Amino acid sequence: MQTPARHACWIMMAVAMSPAPVAYAQTAYAPTQVAVEAGSITAIDHWQMQDSAKAQQGGAAISSMGFPTTEWYPVTGRATVMAGLLENGTYKNDVFYSDNLRAVQVPDASGNLFVTPWWYRAEFALPKDIAGRHTLLRTNGMIASADVWVNGHQVADHTELAGAYPVHELDVTRWVRTGANILAMRVHPADPRKSLSIGWVDWNPTPPDNNMGPWRGVDIVQTGPVALSFPVVLSTLSLPGLAHAALTVKVTAKNLDTVAHDATITGTAAGVPMQQTVHLAPGQTQVVSFSPSTTPGLALDHPKIWWPVGMGEHPLYALEMTAAVDGATSDRAGTTFGIRSVSSSLTKQGYRQFFINGKPLLIRGAGWAPDMFLRDDPARMEAEFSYVVNLGLNTIRSEGKLENQRFYDLADRNGILILAGWECCDKWESAAKTGGAPWTAADMRVAEDSMGSEARLLRNHPSVIGFLIGSDNAPPPAIATMYVDTLRAADWSLPIISAAVPQATADAGPSGLKMAGPYDWIPPSYWYADKLGGAFGFDSEVSAGADIPRMEDLLRMLSPQEQEALWKYPEARQYHASADWSTFAVLTPFDHALAQRYGTPTSLADYVAKAQLDNYDNVRAQFEAFNAHRDAANPATGVIYWMLNNAWPSLHWHLYDYYMNPAGAYFGAKKGNEQVHIQYSYDTNEIMLVNHTLDDVQGLKASIRVRNLDGSVRYEKHLQAIDITGNHTKSLATVPAVAGLSSVYFVELELAAVDDQPVSRNVYWLSTRADTLDWAQSNWYLTPVTRYADLTALQSLPAATSEVHATTRHEGHEELTTVTLSVRSTAKTVALFQHVSIRRGARGELALPIRWNDNDVTLWPGESITLTARYASQGTADPVVEVSGWNVQAQSVSATATQGTDH
């Protein structure tokens, strides 16, 4: 950014809590058993790890059988050094609580743990019959670099194995044997300012180890004399009818032997059989291709088309390839792929517009963050993708921190588009900055290897729609050309984007993206402006800054002193806002706006309640403004909320917090991204319908009410027989000037289907005094406000009570809890911003992660709403539903379990 993660697996990741100490391994792990079959890929699933300052022997000794490792740390296969230390319970205190991480960053009596190389040692066992086999060691990225030994022999050094992203294969056949083998890696310290690794800027504190380690893991590959790699399927889809697709299949075959071989390459793509025999000289590499001209079946009629979420289904096809030499299987390769078309063009105003299968779409996404220590948790990643779908988003942007294969597989299966790219503010952009150090030849080699490896990883995934070769700066000409040439050499067919800022390169052209802020607090009306980060064009990263978690999460991330400062002292630095960058280390703009608009907080609970209202309102407005302007003369084509999630518990930039506890920002985003949606425009007072689906909808009914603070209806309008075209918006009405409004008033919108089933419901709390922005004093992260809307009268609302009825049904590996909230018609006031949570038993933990159909809802007397939540089954206690709200008395009810289905 600009600066000066299956139902059965739905479990809450407990990484933020300090693990119980793990004893040092007294004996070596059981070796990783390498699969027998040719074409197998076996991940090293555990290591033993130690600081080279303590393990001072050389690689030959450490990679020999019998080397003593009694004081080494046992760690998992993708552990960075810090992840490994946490896994072993090295630190008594939770490093995510308060500023405990500072203590890790300060050298202890034995010195700084992270300025010397660390050893990673693993034992792997090869099957008995390996005659004629080749054993390859595949490293999938190293932070920052590594020297490698196998069975006492050095097989690579850190000049060869450098960089977070390059994938390298080393043929270690001559150094391995049947049975036990030892692999040792000396991993060198990382510094994102000096190496092409991973940096964090102001996202969170810098990890003390700078993420050093084999963060994407190491594999042992078994192959015969001819190895297959880099399978790819390129599809050309007929537009606009989508009735035909032509597939081109490629795979790279390499003869690993010192003698020539004839290899028969066979396989299927989308069920279509393919076969070709090639002659390979010793050491020769050849790309073997299949196309409709050689294999007519690759011209598909009526293919299954992959669509983004909300626009259609996401079917995937399989590619399976086999190489045979002398009648025996030598190697296998395969992938999944989807058939779809991706293109982009520039609007008349110069902004990028994406098209999927010939249809324009509004990119509605958010920025991805992995775990701060790059810990690999498949269950958490699946849960995070389910949140993205539940939020109604269609895109994730990855600014660096590019993920492993599983991430893109999940994106494919869920229909989530991926905008990938390099990160800002460290070595990746140093050569593009004024006064930045130019890259060396070694840097260029690592960058080229990184680009090639990422292209080969991403290109088969239908979810991926482009690559940003720059973030806050476009690359210099030589580097830009290298990136583009490398992508094209890898059969990259997707848009190549120069940067996330409005810059161009000769090879990729204008970016068509803007990055004009804000990153800090602005009012909801900001988003409707035609300036800076307003809803026009493509905003590559933008939000109103602070996103305050719910109370239970603040209590487990902040010390009592930090909690007090959060609501009392707006100028106080907060380690969980920004530990390193002064711009965002304080929440002053947010806190000042909160006090001016809603009233000075009187307690932490009051602060949190007001923050939830503000976060909901502002996040909803951001997405709704882009909805409103998607069909405008200067159209909105994309918006990336900064950010989706956090790498650690944070007070900034997320739609859901590190503990995956949905709060105001989450439900504001979810509301604004409904597939068929009714909304209010802050700039024109228009009521608009939005249809993000491709299907036309007919016969809708809408109700518009303007209510005073006391609930009295000051304006009402009902509309019938409303039709809206797919993939479009429609203006329904304009709310007129209404006389006699209270200083705070409400706009209540309801949309129903032809059969009266609810489609969308939306409630706004507004002030008769508008927020006034000082545009002339804008900077890169905010626009000042000279007058704030006055919403303080909300503090005077009488207490309200909701009737709550809840039941739970067991469905497969999930619980489905249904909650009905009702306000009696005889009640005297609105029940504002009711939040519903579920606990596992009366005093149990919160049921997280959890997917609601809606939450943070507002009801007037006589109204009711039914909410549903899905979450993982766990334990036997009946769930307990907790309801609270702005002026709603907190209460708990048992969500009695009923007989359900088990499927």
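Each remark here, short or long, concerns the structure printed above.
Here goes a summary of the coordinates provided. (Residues numbered from 1 in each chain as written. Predicted model: local features only at pLDDT ≥ 70, side-chain atom pairs only at ≥ 80, totals over all residues. Heavy atoms only, no water.)

### Brief notes about the overall build of the chain
When you go through the chain residue by residue, the secondary structure sums to 13 helices and 50 strands. The globule rule puts the C-alpha radius of gyration for 903 residues at 29 Å, and the 29 Å found for the chain is close to it. On the principal axes, the C-alpha backbone points of the chain span a range of 90 × 70 × 65 Å. Looking at the 903 residues of the chain, the share that counts as buried comes to 62%. Total accessible area computed for the chain in this model is approximately 32,100 Å², and 51% of it derives from carbon and sulfur atoms. (Helix = DSSP H or I, 4+ residues; strand = E, 2+ residues; numbered from the N terminus. Rg over C-alpha atoms; globule rule 2.2 N^0.38 Å. Buried < 20%, exposed > 50% of the residue type's maximum accessible area, 1.4 Å probe, protein only. Areas by Shrake-Rupley, 256 points an atom, 1.4 Å probe, with all protein chains shown as cover.)

### Let's talk about the sheet that holds strand S33 (residues 676–680)
Here we have 3 strands laid out as an open sheet, ordered S33-S34-S37, and antiparallel in their pairing. At either end of the open sheet lies a strand with only one pairing partner, and these are S33 and strand S37 (728–734). Neighbour-to-neighbour, the strand axes of this sheet turn through a mean angle of 20 degrees, independent of strand direction. Pairing of S33 with strand S34 (residues 686–691) involves 5 bridges; the strand directions are antiparallel. Paired with His677 across the bridge in S34 is Val690. Its contacts with the sheet place helix H12 (residues 604–628) against S33, S34 and S37, and it is angled at close to 105 degrees to S33. (Pairing = 2+ DSSP bridges. Axes fitted to C-alpha atoms, helices over the stretch in contact; angles between N-to-C directions. Contact = heavy atoms within 4.5 Å.)

### Notes on helix H5 (residues 405–414)
Inspection of H5 places Phe407, Tyr408, Leu410, Ala411 and Asp412 among the buried residues, and these make up the whole buried set. Gly415 sits one or two positions beyond H5 and adopts a positive phi of about 75 degrees.

### A short note on the packing of aromatic side chains
Within the structure shown, the criterion is met by 48 aromatic pairs. Centroid distance Phe385 to Phe407: 5.1 Å. Interplanar angle 65 degrees. Geometry classified as edge-to-face. Note that Phe385 is positioned in helix H4 (residues 378–391) and Phe407 in helix H5, a separation of 22 residues in sequence. Just as Phe385 is buried, Phe407 falls in that class too. Ring geometry for Phe623 against Tyr641: centres 6.2 Å apart, planes inclined by 25 degrees, an arrangement best described as stacked. Placement of the pair is Phe623 in helix H12 and Tyr641 in strand S32 (residues 636–641), with a sequence separation of 18 residues. Residue classification places Phe623 among the buried positions, given a relative accessible area of 1%. Put simply, the rings of Tyr165, Trp215, Trp422, Trp428, Phe467, Tyr483 and Trp492 touch in pairs and so form one group of aromatic residues. (Phe/Tyr/Trp six-rings, centres within 6.5 Å; stacked < 30°, edge-to-face > 60°.)

### With respect to the state of the cysteines
The tally for this structure, following the rule as stated, stands at 1 disulfide. The residue that forms a disulfide with Cys424 is Cys425, at a sulfur-sulfur distance of 2.2 Å. Here Cys424 and Cys425 share a disulfide; its torsion about the S-S bond, -85 degrees, makes the bridge left-handed. For Cys424, a relative accessible area of 1% translates into the label buried. (Disulfide = S-S within 2.5 Å.)

### Quick word on unusual backbone geometry
Cis geometry marks the peptide bond from Leu239 to Pro240; its omega dihedral reads 5 degrees. Inspection of the secondary structure assignment puts Pro240 in the loop between strand S13 (226–237) and strand S14 (244–255). Residue Pro849 is bonded to the preceding Leu848 through a cis peptide linkage, with omega at -10 degrees. On the secondary structure map, Pro849 appears in the loop between strand S44 (831–839) and strand S45 (850–852). The phi torsion at Met660 lies on the positive side, around 60 degrees, for a residue other than glycine. Looking at the element boundaries, Met660 is found in the loop between S32 and helix H13 (664–672). Phi at Phe833 takes a positive value of approximately 55 degrees, unusual for a residue other than glycine.

### Considerations on the sheet that holds strand S36 (residues 713–724)
With antiparallel pairing, the 4 strands of this open sheet are ordered in space as S36-S35-S38-S39. In this open sheet, the two strands that pair with only one neighbour each are S36 and strand S39 (758–767). With direction set aside, neighbouring strand axes in the sheet form an average angle of 10 degrees. Where strand S38 (residues 744–752) lies against S39, 9 bridges are found, and the strand directions are antiparallel. Among the inter-strand pairings, Glu750 is bridged to a residue of S39, identified as Arg761.

Geometric descriptors of this kind do not, in isolation, establish any biological role.
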